[in-house]
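Given next are the chains, with one letter for each unit.
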Amino acid sequence: MSPAPTRWARALAFGLLPEQLAELGVPAAEATFERLQRPWLWRDAEPQLSRGASAKLSELGLELPRIAERHASVDGSCKLLLALGEQRIEAVHMPRAIAYGRERVTLCISSQVGCAMGCTFCATASMGFHRHLSAGEIVGQVLSVVAALGPRHPSELTLVFMGMGEPLHNLPEVTRAIGVLCHGRGLGLSPRRITVSTSGLVPEIEQLGALAQRPLLAVSLNATTDDVRRALMPIGRRYPLAQLQAALERYPLRPRERVTVEYVLLRGVNASDDDAARLSDFCQGFAHNINLIPYNEHALAPFRAPLEAEVDGFAKALLRRRRALVTVRRSRGRDVQAACGQLVQSGA
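Below: a short report on this structure. Predicted model only: the values in this text are computed from it and were never measured. (Residues numbered from 1 in each chain as written. Predicted model: local features only at pLDDT ≥ 70, side-chain atom pairs only at ≥ 80, totals over all residues. Heavy atoms only, no water.)

Once that is clear, we can look at the packing of aromatic side chains. Counted by the stated rule, this structure contains three aromatic pairs. Pairing Tyr263 with Phe314 gives two aromatic rings, centres 5.4 Å apart and planes at 15°, and the pair type is stacked. Note that Tyr263 is positioned in strand 10 (residues 259-265) and Phe314 in helix 11 (residues 308-321), a separation of 51 residues in sequence. Both residues of the pair, Tyr263 and Phe314, count as buried. When the centroid spacing of 6.1 Å and the interplanar angle of 85° are considered together, the rings of Tyr295 and Phe303 count as edge-to-face. By relative accessible area, Tyr295 is classed as buried at 4%. (Phe/Tyr/Trp six-rings, centres within 6.5 Å; stacked < 30°, edge-to-face > 60°. Helix = DSSP H or I, 4+ residues; strand = E, 2+ residues; numbered from the N terminus. Buried < 20%, exposed > 50% of the residue type's maximum accessible area, 1.4 Å probe, protein only.)

One open sheet accounts for ten strands, arranged 1-2-3-4-7-8-9-10-11-12; its pairing is mixed. Each of the sheet's edge strands pairs with one partner strand only, and the pair in question is strand 1 (66-72) and strand 12 (325-328). Across this sheet, the average inter-strand angle for adjacent strands is 20°, counted without regard to direction. Of the pairings in the sheet, the one linking strand 2 (residues 78-84) to strand 3 (residues 87-97) comprises seven bridges and is antiparallel in character. Bridging across to strand 3, Leu81 finds its partner in Glu90. Here helix 11 sits on the sheet and contacts strand 10, strand 11 (288-294) and strand 12; the angle it forms with strand 11, its principal contact strand, is near 165°. (Pairing = 2+ DSSP bridges. Axes fitted to C-alpha atoms, helices over the stretch in contact; angles between N-to-C directions. Contact = heavy atoms within 4.5 Å.)

In structure tokens:
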């Protein structure tokens, strides 16, 4: 998990706060920030900047991640291939209709090109790790997609760092990006509308908990014994379940806030009644939601999806053990390989 060399694409200007723009001598820094960060002020899919601001910021880079391909799913979601120079990442745009003709959009975004975690069931792992995204590339990814597909207002947007990469492996840039995305003169997102999902990097979980603008936390667990978790997720060799559990019990939660525990169900691997009992016990010391994810099959891993009866039985076993909020996530975009664990680009 050593850091990759810094090889940012040309989008660094989108990762700067107003005070940082001012320090660089950008004229009318706050107004420039608004023009950069509010796609509804753009023209022809680009921010309209003054000549002086454009001259200053072009040195850093004003090239947004470009939507190179769109793959629409029958369920209304859309997988997007974004070009960062010669490299590619993926994002998933998932609208959901609500009352009176309005909609909410969940946008699943990437934090790295590839991933270093090596989880054996995840297609992204087959890419290996190429590099981190800069804060500007992360923010630019959001802005490009919102400009092209909506929503019309940021209050209708929810972000989940569940695309390519391990967000906490790139925590400094992810933190900077969240600061920009939450700034009141930009999109102005609430940190509680942003979820960061991790495979379980314990020191970085503690760092995340100390942030002033702290997003919601999701932890990808996927096993209830150390032997199975180490086989599925190499990070389990560094941070055993007991160490991860202790970090989650220490994690500071706001009123009514919960940690989301994500559990990918793999047929014949981690879906027994004993697994359900151990999962319930693992979660008992902190406020939580358990999110069961039936495995989304792909050609890059040998695992099989559980039968519906197995999913239903596992959920019922959890509820018998202890009262908890248990949901089954029916991943969207399966027909275009946009579901959980299916994002991958060859030759990235």
